[in-house]
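# Geometric and topological summary
Listed below are the residues making up each chain.
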Amino acid sequence: MLKIGNLTLKSNLILSPMAGITDLPFRLLNREFGAELAFVEMINARSLGYNSKKTRFMLSTGAQDKPLGVQLLGCEPNFILRALDILEKYEFDLLDFNSACPAKKVTRRGEGASLLKDPKKLNQLLKLVVKNSSRPVTVKIRAGWDKDSLNAKEVALYAQDAGVKALFIHGRTKAQGYSGTPDYKAIKSVKDALKIPVIASGDILSARLAKKMLDETGCNGLAVARGSLGNPWIFREIPAFLKTGKILPRPTSQEVVRIILKHLEMCASFYGERIGVTIFRKFVSWYTRGFRKIRPLREKASRAMTKSDILKLSAEFLAAN
Ligand SMILES: Cc1cc2nc3c(=O)[nH]c(=O)nc-3n(C[C@H](O)[C@H](O)[C@H](O)COP(=O)(O)O)c2cc1C
């Protein structure tokens, strides 16, 4: 169990936000396997004001998609206030503020990870968000800007002071992007300094690595990101390993195909067949990792246009595995 403000989570296993990935079908699928809290991909405060079809799609949810987090990206108070106002009419349970995104197009505008360089500004923005949001507010940070400025503890204390109810930390610096190993010590130093729950992210790619994160940092929760790509089973494997010390057997090829077809169907009914298949096809590589004769399959998958294209590929996959 994990409490974040007035929100009580049944477990501390979280599906971390991933741009271009954590749409409604992906969230629902991972929830079936045990992801408790899940996130919509980050939404820019400025673009939320355009009320585009894309943003409305991103914020689509349903009765099974709970509890749900929305993540806001921004640095200008007027746009943030407008975004909070617009978000009021949407269904979700927690609002996270992004101070972690390393993309150049984000940091050069002073948003995302660039706020790590100005913890006082982050503190002011978070105060504004906390004051104007009806949902519990959290923040996502990184270990620091680069290896010479590992200031996560200072940033975290400023965030806590602003009234956030929990803190997410990706244990890499902005300079690392998504490569190299996460800095477990930086996460631990944040955990030891804060009173609010600290949820860790970074290389939770397997049940063993989930345990390592818990053991080395003492964190209150685990936010799984790339470990869930083509691998919803990770949300079963982690609690099973933590409870029994045993690694569950990996899914058979039949089970993988069952989930491929299920995920495909969910995408097709959410987006319509043509767009749904285009969105889904990148998952084929992830689902088939570690199996035999997958290279030609992946190439064909990258050109798939219809559900029946994916069905044919699934039959080929089963024949080879
Ligand atoms: C494709 C992709 C998109 C991501 N998008 C977001 C995002 O929108 N918001 C966010 O806070 N983190 C985002 N992240 C970061 C993840 O949530 C996570 O913190 C990070 O990948 C570290 O975990 P991992 O090493 O287990 O993948 C993204 C990561 C990936 C790989």
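Residues numbered from 1 in each chain as written. Predicted model: local features only at pLDDT ≥ 70, side-chain atom pairs only at ≥ 80, totals over all residues.

Let us look at the domain arrangement of the chain. Taken domain by domain, the chain consists of domain 1 (2-244) and domain 2 (253-320). Averaged C-alpha coordinates put domain 1 and domain 2 at centres separated by 29 Å. Opposite the eight residues of domain 1 that make contact, domain 2 presents 10 residues. Classifying every residue of the side of domain 1 that touches domain 2 by side-chain character gives six nonpolar, two polar and no charged. (Domains from an automatic or database assignment. Contact = placed C-beta atoms within 7 Å. Nonpolar A, V, L, I, M, F, W, Y, C, P; charged D, E, K, R; others polar.)

This part covers the pairing of strand β6 (residues 68-73). Across the six residues that make up β6, a large majority, six, are buried. Burial along β6 is two-sided: the face carrying Leu-68, Val-70 and Leu-72 and the face carrying Gly-69, Gln-71 and Leu-73 are both buried. Sheet topology note: the strand β4 (residues 37-39)/β6 ladder contains two bridges and is parallel. Counterpart to Ala-38 in the pairing with β6 is Leu-68. (Buried ≥ 20, exposed ≤ 12 C-beta atoms within 10 Å, placed from the backbone. Helix = DSSP H or I, 4+ residues; strand = E, 2+ residues; numbered from the N terminus. Pairing = 2+ DSSP bridges.)

In this structure, Pro-67 follows Lys-66 across a cis peptide bond, with omega equal to -10°. As for its placement among the helices and strands, Pro-67 is situated in the loop between α3 (53-58) and β6. Although it is not a glycine, Asp-203 sits at a positive phi angle of roughly 55°. Mapped onto the fold, Asp-203 is located in the loop between β10 (198-201) and α9 (207-217). On the basis of neighbour count, Asp-203 is assigned to the buried category, with 21 C-beta atoms found within 10 Å. In the Ramachandran plot, Lys-293 falls in the positive-phi region, its phi being about 50° despite a non-glycine side chain. Its place among the elements puts Lys-293 in the loop between α13 (282-287) and α14 (295-301). A count of 12 C-beta atoms within 10 Å places Lys-293 in the exposed class.

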